[in-house]
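One letter stands for each residue in the lines below.
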Amino acid sequence: VKIVISNGTSKNNTPIEIAHTPNAIYAIKRKDGKLKSINFFNKDKEKVIQIDLDHSHEGFQPHSHEFHGEKYHPVISRPCTKQEIDLIRKIEEYCK
C-alpha cells in the first residue's frame, strides 16, 4: 500500500494519474491527515475499486465503487465488504 498525501487543489484529485505500478493499492490522505480513499489498480494499471471514506453515498459510509473500464468515477456504489473494512482499519492504524 502506497500512502499519498492529497495537495487539495482539486476535488477530483485521484491517483489515476500517479498509478505507475501494476496491482498497486494507493491510500489517499487529506492534508488534515484523514484518509480520503483507497484505490486498487490491476495488472494493466487500471483502477478497479475505489473505497471512499470521507463521505457517504447511497447511505453507505464508507462505500466502494467498482470500475469496469470507466476512466472516471462510477455513479453506483455498494457497501464495503468485510475484507475491505479490515483493510481500511489496518491502513488507518498504519497512518496514525
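Residues numbered from 1 in each chain as written. Predicted model: local features only at pLDDT ≥ 70, side-chain atom pairs only at ≥ 80, totals over all residues. Heavy atoms only, no water.

**Overview of the nonpolar core**
Turning to step 1, where the next piece is worked out: Counting residues in hydrophobic clusters, the biggest one holds 11 residues: Ala-27, Leu-35, Ile-38, Phe-40, Ile-49, Ile-51, Leu-53, Cys-80, Ile-88, Ile-91 and Cys-95.
Turning to step 2, where the next piece is worked out: If you list the elements that add at least two residues to this core, you get strand S3 (35-41), strand S4 (47-52) and helix H1 (82-95).
Turning to step 3, where the next piece is worked out: Apart from residues lying up to four places away in sequence, Ile-38 is in contact with Ile-25, Tyr-26, Ala-27, Ile-49, Gln-50, Ile-51, Leu-53, Ile-88 and Ile-91. (Core = buried A, V, L, I, M, F, W, Y, C linked by side-chain atoms within 4.5 Å. Buried < 20%, exposed > 50% of the residue type's maximum accessible area, 1.4 Å probe, protein only. Helix = DSSP H or I, 4+ residues; strand = E, 2+ residues; numbered from the N terminus. Contact = heavy atoms within 4.5 Å.)

**Side note on the environment of Pro-79**
Turning to step 1, where the next piece is worked out: Its location among the elements puts Pro-79 in strand S6 (residues 78-79).
Turning to step 2, where the next piece is worked out: Accessibility expressed as a relative area gives 43% for Pro-79, which makes it partly exposed.
Turning to step 3, where the next piece is worked out: Linking Pro-79 and His-65, residues 14 residues apart in sequence, is a C-alpha distance of 9.0 Å.
Turning to step 4, where the next piece is worked out: Setting aside anything within four residues of it in sequence, one finds Pro-79 in contact with Phe-60 and Glu-84.

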